[in-house]
Amino acid sequence: MAKQERPGATSEREKTQKYALLSVSDKTGIVDLARTLDSLGFRIISTGGTAKALTDAGLGVIPIEDVTGNPESFDRRMKTISFQVESGILYDRTNPSHVQQAKDLGIKSIDLVVCNLYPFEKTVGGPDSTFDQAVESIDVGGPTMVRAAAKNHKNVLVVVDPADYKKIAETLTTGLVTNELRQELAAKAFRHLSFYDAQIGEFLGNGEMYPEEIALPGRRSITLRYGENPHQTATVYFEPGTDSPLTKLNRLGGKELGYVNFFDIAAGLESVRMFDEPCAVVIKHNTPSGIALGNSYYEAIIRAVEGDGQSAFGGIMVVNGPIGIEEARAFAEFKKGSGVLMDVLAATSVTDEAVEFLLKLRKNQTGIYSFGEIPQKRSNQRHIRHFDGGFVMQDWDDDPEGSFDNWNPVTIKKFTPEQTRLGQFGWKVIGRVRSNTVIVIDKEIPMTRGIGSGQTSRVLSTEIALKRAGPHTKGGILVSDSFFPFGDSVKLAAKRGIAAIVQQGGSNRDNASIEAANKAGVAMVFTGKRAFWH
């Protein structure tokens with residue numbers, strides 16, 4: 001049976017003896033690290049469950065209470081916080097006065113702290129987690145030790161990640177412990193504490209949208225092929241606890257994602273997640289070139305490409321449902337008919353047969369990804385946009401249907417029920433196209449026929465949308481993400497045969513738009529709401 005070391009009076013040897021303090025929630029790899037430390041002459045101080053794991057493995061440990069002079073108390077809330085432990089971590093080994101005080105006080109020199117914290121993230125993420133359980137998962141002693149060790153990193157190594165155990169064991173064995181490594185581990189420790197505390201602040205804040213101070217926790221998850229341009233690098237971080245489909249991105253075949261590809265998939269998800277019906281979107285440079293609903297996913301895919309076949313070439317296709325062999329064959333039809341090839345296809349799932357078919361279609365050049373089911377509600381209500389020096393937070397604009405009851409018919413001619421249905425589809429779509437935006441919706445089918453986006457002039461956006469729609473403007477519905485400040489866009493639309501217009505209204509010159517629509521016999525409604533997306 002392994003024995004626990006219980007040192008009595010401090011000997012001269014023990015005044016210079018090195019100690020390692022091991023206290024971890026995640027026991028992965030801790031026994032192997034402890035064996036290495038033991039072989040290198042470290043004496044191991046440990047707590048509770050960690051001490052048991054080590055003694056069960058035949059290693060000798062000094063129980064934490066033999067250092068603190070006090071038992072683990074208050075349901076183990078008090079274990080490591082003590083003058084003896086924090087002094088052993090914090091005193092400066094290069095300061096003769098500190099060294100002498102440590103000797104006089106019988107302070108053990110703790111030169112290595114290995115600690116990972118109570119699993120707060122796992123606890124609050126549990127389906128049956130209670131508030132009291134979450135509070136009990138807030139670590140106090142661990143962060144205190146980690147902070148102390150990270151501050152005194154010139155004298156103390158601090159390790160918070162089991163993935164670093166092997167490197168630490170090898171480094172200590174060779175004796176090549178550099179100042180650079182010490183600082184690297186200290187920085188990692190402080191970032192870990194910040195990540196941990198940020199989650200607790202969010203939890204206790206009860207969803208407060210705009211607190212006075214905020215830290216945004218993120219975990220490195222995906223290293224992208226390159227950044228926005230090939231000479232740039234990029235990595236994706238995810239917030240803890242998020243249920244974003246992007247966290248489940250799984251490459252089934254083809255090329256790896258770059259920055260633009262990743263954000264195109266993200267933009268595609270924003271478009272298709274609004275619909276329960278089969279929906280497909282083609283994304284180019286973070287904005288849709290075509291989006292459509294269908295009675296089947298095959299039909300939605302066909303329509304999304306048909307919405308702008310020229311722009312679809314080299315695009316990203318995102319679908320809010322599964323892809324099987326029938327849907328995969330649609331891409332062969334595109335290649336044979338119009339020469340359209342997709343760079344990336346992402347769907348909730350893709351069958352093995354479909355993956356094999358698609359990879360052969362373009363010789364492994366199309367990236368094929370699945371992302372699982374799309375949650376109906378976001379796990380985070382903050383929409384964040386960074387700028388040089390900071391970021392802006394706003395809530396997501398996730399309720400385009402909320403304005404439908406307030407749509408105001410303003411022209412002599414009124415919308416038919418079918419035009420209302422298609423106009424509402426267009427209003428949901430337009431909120432995910434880069435402003436200034438004007439789109440043309442087919443007169444019978446819930447699909448885009450022309451998209452004019454990202455222009456500084458609303459008239460220019462209108463002209464582009466009408467040109468893209470071609471013959472499908474006749475009888476179609478034109479939708480604008482804001483108001484028309486002049487009658488010019490309405491006149492252009494009427495001239496091309498547009499039958500109905502959806503716009504925000506609220507301009508000082510609304511009458512000019514209304515008069516132009518009445519003169520042309522075009523129905524128009526004001527939504528009373530803007531749908532910008534930048």
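Look up a bit, the structure's there.
Here the structure is a predicted model, which is why all the values come from computation and not from measurement. (Residues numbered from 1 in each chain as written. Predicted model: local features only at pLDDT ≥ 70, side-chain atom pairs only at ≥ 80, totals over all residues. Heavy atoms only, no water.)

Peer 1: What's the story with the packing of aromatic side chains in this structure? I'm lost.
Peer 2: We describe a pair of aromatic rings using the distance from one ring centre to the other and the angle between the two ring planes. Scanning all chains against the criterion turns up eight aromatic pairs. Centroid distance Phe 120 to Phe 203: 5.7 Å. Interplanar angle 85 degrees. Geometry classified as edge-to-face. Of this pair, Phe 120 sits in helix H7 (residues 120–125) while Phe 203 sits in helix H11 (residues 179–204); the two residues are 83 residues apart in sequence, bridging distant segments of the chain. We classify Phe 203 as partly exposed; its relative accessible area is 25%. With 5.6 Å between their ring centres and 90 degrees between their planes, Phe 331 and Phe 334 make a pair best called edge-to-face. Separated by three residues within a single helix, Phe 331 and Phe 334 lie in helix H15 (residues 325–337), roughly one turn from each other. We note that Phe 331, like Phe 334, is buried. An aromatic cluster is built from Phe 120, Phe 131, Tyr 196 and Phe 203, whose rings are joined through pairwise contacts. Geometry around Tyr 91 places Arg 93 over its ring, the cationic atom sitting 4.2 Å from the centre. Against the face of Trp 396 rests Arg 378, its NZ or CZ located 3.6 Å from the ring centre. (Phe/Tyr/Trp six-rings, centres within 6.5 Å; stacked < 30°, edge-to-face > 60°. Helix = DSSP H or I, 4+ residues; strand = E, 2+ residues; numbered from the N terminus. Buried < 20%, exposed > 50% of the residue type's maximum accessible area, 1.4 Å probe, protein only. Lys NZ or Arg CZ within 6 Å of the ring centre and 35° of its normal.)

Peer 1: Explanation requested: the sheet that holds strand S22 (residues 500–503) in the structure shown.
Peer 2: The strands that make up a sheet pair up through hydrogen bonds in the backbone, lying either parallel or antiparallel. Taking strand neighbours across the sheet as the criterion, the six strands line up as S18-S23-S22-S21-S19-S20 in an open arrangement whose pairing is mixed. The sheet is open, and its two edges are formed by strand S18 (408–409) and strand S20 (448–452), each paired on a single side. Relative to the sheet, helix H20 (residues 510–520) contacts S22 and strand S23 (523–526), its axis offset from that of S23 by approximately 155 degrees. (Pairing = 2+ DSSP bridges. Contact = heavy atoms within 4.5 Å. Axes fitted to C-alpha atoms, helices over the stretch in contact; angles between N-to-C directions.)

Peer 1: Would you take a moment to explain a nonpolar patch on the surface for this structure?
Peer 2: A contiguous nonpolar surface patch, about 370 Å² in accessible area, is contributed by Phe 74, Met 78, Ile 81 and Val 140. You can see Val 140 is positioned in the loop between helix H8 (131–136) and helix H9 (141–151). A relative accessible area of 46% means that Val 140 is categorised as partly exposed. (Patch = residues over 30% accessible without salt bridge, like charges linked within 9 Å, V, L, I, M, F, W, Y side chains within 5 Å. Areas by Shrake-Rupley, 256 points an atom, 1.4 Å probe, with all protein chains shown as cover. Salt bridge = Lys/Arg side-chain N within 4 Å of Asp/Glu carboxyl O.)

Peer 1: For this particular structure, what's the right way to read the packing of helix H18 (residues 458–469) against helix H19 (residues 488–495)?
Peer 2: Two quantities define a packed helix pair, namely the angle between the axes and the distance from one axis to the other. Relative to each other, H18 and H19 sit at 10 degrees, their axes nearing to 9 Å. One element, H18, and the other, H19, form an angle in the roughly parallel class. Seen from H18, the contacting residues are Arg 458, Val 459, Thr 462, Glu 463 and Leu 466; seen from H19, they are Asp 488, Ser 489, Leu 492 and Ala 493. Across the contact of H18 with H19, the residue classes tally to four nonpolar, two polar and three charged. (Parallel < 35°, antiparallel > 145°, perpendicular 65-115°, else oblique. Nonpolar A, V, L, I, M, F, W, Y, C, P; charged D, E, K, R; others polar.)

Shape descriptors only; they carry no functional weight alone.
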